[in-house]
Amino acid sequence: MMTKFFGALIALSTVLGSPLLAAEITDVTGRKVEIELPAKRVLVGEARQIHTIAALTGANLLDHIVGWRDDFLTKDPDSYEAYATRFPALATLPRFGYVPNNTFDLEAAIALGPDVITLNLESQKVAAEAGIEEKAAAAGIAIVYVDFRVDAAKNTETSIRILGQIFGAEPKAEELIAYRRAQISRVTDRLAAVENLKRPKVFIERAPGNDAENSCCRSFGPYNFGEMVEQAGGHNIAADVIKTTFGDINLEQLIIEDPDQYIATGSNWAAESKTNRFVHVGRGADPQAARAKLASLMERTGFPELKVVKTGEVHAVWHQFYGVPYEFVAVQQFAKWFHPELFADLDPDQTFRDFHARFLPVDYKPGYFASLNEETN
């Protein structure tokens, strides 16, 4: 009798269109929140989370998204154009500011009636201190934190699973996780088999030419792109100084280290750049224009005497790889730059084409890397 009662209750809940009980999600901060899954209305707290959500939802990308942060247009307009062409409704989707700089309008967000707001980990401190978590909870809205940037090694798989739960795409989340692991292993397993691996000294510079005319040298510690360098068999020289995700080394230190490889992160920042000297790489970028910008960066104070300028081991990588779960494409390309003979058969371009065909609802276009030495592209 009791079994029949619960069966009837479950059936009734299905008819009414909502689950019997809310499910519990543990986000990357360890916070536990309850939410009916899959969520019906989601406000995406950083638009670049779309890269992950699209891999999980495919053609159903916009079925449950009611608003998003305004960063896609300024930080990654090439990708925005691709997704807006595929999903025209993106153009009219309500946009919101950024929590850490206090431009996020919580009242306007609440008015959209979302079930959940997905925020990046770096928003957590301000969101808690400004009362956003408390006010959202009072309005019946769950805030869930994900992270593909601050500590990707620790949090990427958890974040993929969280978004899989929220969007009702758990099987696809596990497929994405398995694919990512396999693609990273194509590099790390081969490197592990090399005795006495010689790691080239690598300096990876964060967004040079975007803010100041002659500035240097923002970089990465042992996380994010810094970790990708290590995974690919290089030694990230900035990690000897920087112990957090992001930081700076001074020009004198760079000159003393005289790295074997130089990598600039770049994107299409035309909408916000102060100097327009950044390297435009990314979806559909012009490789000749990117090489010209790379050459220009090597004219800054102190750079002409660096070894890399003479050897041509000067490269650029799409900046947005630093916040997506397919950073394995960058790892593969780094490995080819650092150890060309060992990875002669590895084709990062084909990897990314395959990933698009298998996971993403937009077509692939090359342009994500550039090198002064055209043979290493």
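Residues numbered from 1 in each chain as written. Predicted model: local features only at pLDDT ≥ 70, side-chain atom pairs only at ≥ 80, totals over all residues. Heavy atoms only, no water.

1. Regarding the packing of helix 14 (residues 328-338) against helix 15 (residues 348-359)
Put simply, helix 14 and helix 15 touch, their axes get as near as 9 Å, and they point 170 degrees apart. When the axis of helix 14 is compared with that of helix 15, the two are roughly antiparallel. In this structure, helix 14 meets helix 15 at a crossing whose hand is right-handed. Each of Phe328, Val329, Gln332, Gln333 and Lys336 in helix 14 lies in contact with helix 15, whose residues at this interface are Pro348, Thr351, Phe352 and Phe355. Broken down by class, the residue content of the contact of helix 14 with helix 15 amounts to five nonpolar, three polar and one charged. (Axes fitted to C-alpha atoms, helices over the stretch in contact; angles between N-to-C directions. Helix = DSSP H or I, 4+ residues; strand = E, 2+ residues; numbered from the N terminus. Parallel < 35°, antiparallel > 145°, perpendicular 65-115°, else oblique. Left-handed = near helix turned anticlockwise from the far one by under 90°. Contact = heavy atoms within 4.5 Å. Nonpolar A, V, L, I, M, F, W, Y, C, P; charged D, E, K, R; others polar.)

2. A look at helix 12 (residues 287-297)
If you check which residues of helix 12 are buried, you get Ala290, Arg291, Leu294, Ser296 and Leu297. For helix 12, the elements touching its buried residues are strand 12 (261-266), strand 13 (314-318) and strand 14 (369-371). For helix 12, the capping residue at the N-terminal end is Asp286, with a side-chain oxygen 3.0 Å from the backbone nitrogen of Gln288. (Buried < 20%, exposed > 50% of the residue type's maximum accessible area, 1.4 Å probe, protein only. Polar contact = N/O pair within 3.5 Å; in protein donor to acceptor, adjacent residues only side chain to side chain.)

3. Regarding the nonpolar core
By size, the foremost hydrophobic cluster in this structure holds 91 residues, and its most contacted members are Tyr83, Phe321, Phe334 and Phe355. The greatest single-element share of this core, amounting to eight residues, is contributed by helix 14. Residues within four places of Phe355 in sequence aside, it is in contact with Ala55, Leu176, Tyr179, Tyr326, Phe328 and Leu360. Counting residues in hydrophobic clusters, the runner-up holds 22 residues, among them Ala290, Leu297, Met298 and Ala316. (Core = buried A, V, L, I, M, F, W, Y, C linked by side-chain atoms within 4.5 Å.)

In short, the description is geometric, and any link to function would need to be established separately.
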